[in-house]
Amino acid sequence: MFAKFRKEVLQRSADDHSSGEPHVLPLKVYFIVFASLMVLTVVTVGVSLLGLPPVPSIIAAILVAAVKATIVAVFFMHLIAEDKFYSVILVSTVFFMLLFFGLTLLDMDSRGFKNPEESLEYWQQFSHEKALTEEAAPE
Amino acid sequence: MSSTSANSGIDEKKYLAHHFQNMAQQNASGKLGMWLFLGQELLFFSGLFMAYFAARYFYPETFLDAHTYLDWKLGALNTVVLLTSSLTMALAVRGAQTNNNASLVMNLWLTIILAFVFLVVKYFEYTHKFDLGILPGSFYAGPEIVGQPNVFFGLYFVLTGMHGLHVVIGIGVLIWVALQAQKGVYNSVNHVFVENVGLYWHLVDLIWIFLFPLLYLVK
């Protein structure tokens, strides 16, 4: 359905590219997209009220947000009707973001601050030591 | 709306810069630059989001308690406001593409009004927090919360503040575009500037889509 729709959109404005004819999406598309974004906003709030445990809860929240973001990018930002190169830029940016998040979280995970008490202790000790060194060396 | 005749009667030479071969190339170059800028913006914000994830990893209980001081209803209201402004922005771009200048101008001003509504809601949220003594970082004088509430609210102010700054810049650019549009500068040949402002505005919306559940709906 999606591929067919894309083909339709492209065909409609494929006749003359040299003059910079814009790819125009049908008006209906914008309102359907807007309505689905509203529904997904309700879903976002609904998911948080499900009472899921912390980790599944944040993953669910991010997934719903990702679906919303994709809809905004594909339709409102016209990626569906544009040169694919812009999509490549966006997707590669997201790839590097995920790499950044993934590697940093992996690194934190391997340092053994699994529980909050331990991490709190670490940071309290860290700030205490920092305060001591600052006391020892006044400006 | 028929794309074969949309550009008839518009002198392309008026808008074509001398270093481009045709409008298609000029428009594509402009949009490529905008997309690269948006990619850079996403990477910039990913640093702030990473700070959020790290802090939440260290202080999950702080986040659970502290987020109750944010009103999720106001957050949801602002989500609806921004999504609606994204719709009006998209319609404005469509207005420029289809030579519908009235629709372009009207939708641009609607977008600007909604952006101001967003900031007004944000203003009430901020002042409410200041009244409770909830200030970022070492200025925190708010309620006792387990762990490091100053870290959570520091992140809250930096994330929403950076996003708010983008909204303010967006309003400035949008007003300029709206004034230009009223002079009839934009049409189906010369529309890439409106589109680029639209892309920027949608990105601001896109970032809020992630900020809303992460800050207001912690569970």
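These figures come from a predicted structure and were not determined experimentally.

**Re unusual backbone geometry**
Then, in step 1: Its identity as a non-glycine residue notwithstanding, A:His78 has a phi of 65°, on the positive side.
Then, in step 2: We note that B:Asn99 has phi near 60°; this positive angle belongs to a residue other than glycine.
Then, in step 3: Its location among the elements puts B:Asn99 in the loop between α3 (72-97) and α4 (101-131).
Then, in step 4: Judged by the 18 C-beta atoms lying within 10 Å of it, B:Asn99 falls in the partly exposed class.

**A word on helix α3 (residues 54-76) of chain A**
Then, in step 1: The end-to-end C-alpha distance of α3(A) is 32 Å, a good match for the 33 Å that 23 residues give at a rise of 1.5 Å each.
Then, in step 2: Of all the positions in α3(A), only A:Ile58, A:Ala61, A:Val64, A:Ala65, A:Lys68, A:Ala69, A:Val72, A:Ala73, A:Phe75 and A:Phe76 are classed as buried.
Then, in step 3: Buried residues along α3(A) sit in contact with α2 (27-48) and α4 (84-109) of chain A together with α3 and α6 (192-216) of chain B.
Then, in step 4: Directly beyond the C-terminal end of α3(A), a positive phi value near 65° is found at A:His78.

**Some words on the nonpolar core**
Then, in step 1: Core analysis: the largest hydrophobic core is formed by 74 residues, its most contacted members being B:Ala92, B:Leu108, B:Ile207, B:Leu211 and B:Leu215.
Then, in step 2: Counting only elements with at least two residues in this core, the list comes to α2 and α3 of chain A together with α1 (23-58), α2 (60-66), α3, α4, α5 (149-182) and α6 of chain B.
Then, in step 3: Non-local contacts of B:Ile207, meaning those with residues more than four positions away in its chain, are made with B:Phe45 and B:His163.

**Overview of the interface of chain A and chain B**
Then, in step 1: Counting residues at the interface gives 46 residues for chain A and 53 residues for chain B.
Then, in step 2: When residues of the side of chain A that touches chain B are traced back to their parent elements, those giving at least two are α2, α3, α4 and α5 (116-136) of chain A.
Then, in step 3: Considering each element in turn, the side of chain A that touches chain B owes the most residues, 11 residues, to α4(A).
Then, in step 4: A class-by-class count of the residues in the side of chain A that touches chain B yields 28 nonpolar, 12 polar and 6 charged.

Conventions adopted
- Residues numbered from 1 in each chain as written.
- Chains lettered and ligands numbered in written order.
- Predicted model: local features only at pLDDT ≥ 70, side-chain atom pairs only at ≥ 80, totals over all residues.
- Helix = DSSP H or I, 4+ residues; strand = E, 2+ residues; numbered from the N terminus.
- Buried ≥ 20, exposed ≤ 12 C-beta atoms within 10 Å, placed from the backbone.
- Expected span 1.5 Å × (residues − 1).
- Contact = placed C-beta atoms within 7 Å.
- Core = buried A, V, L, I, M, F, W, Y, C linked by C-beta atoms within 7 Å.
- Nonpolar A, V, L, I, M, F, W, Y, C, P; charged D, E, K, R; others polar.

Any functional reading would require information that these geometric values do not contain.
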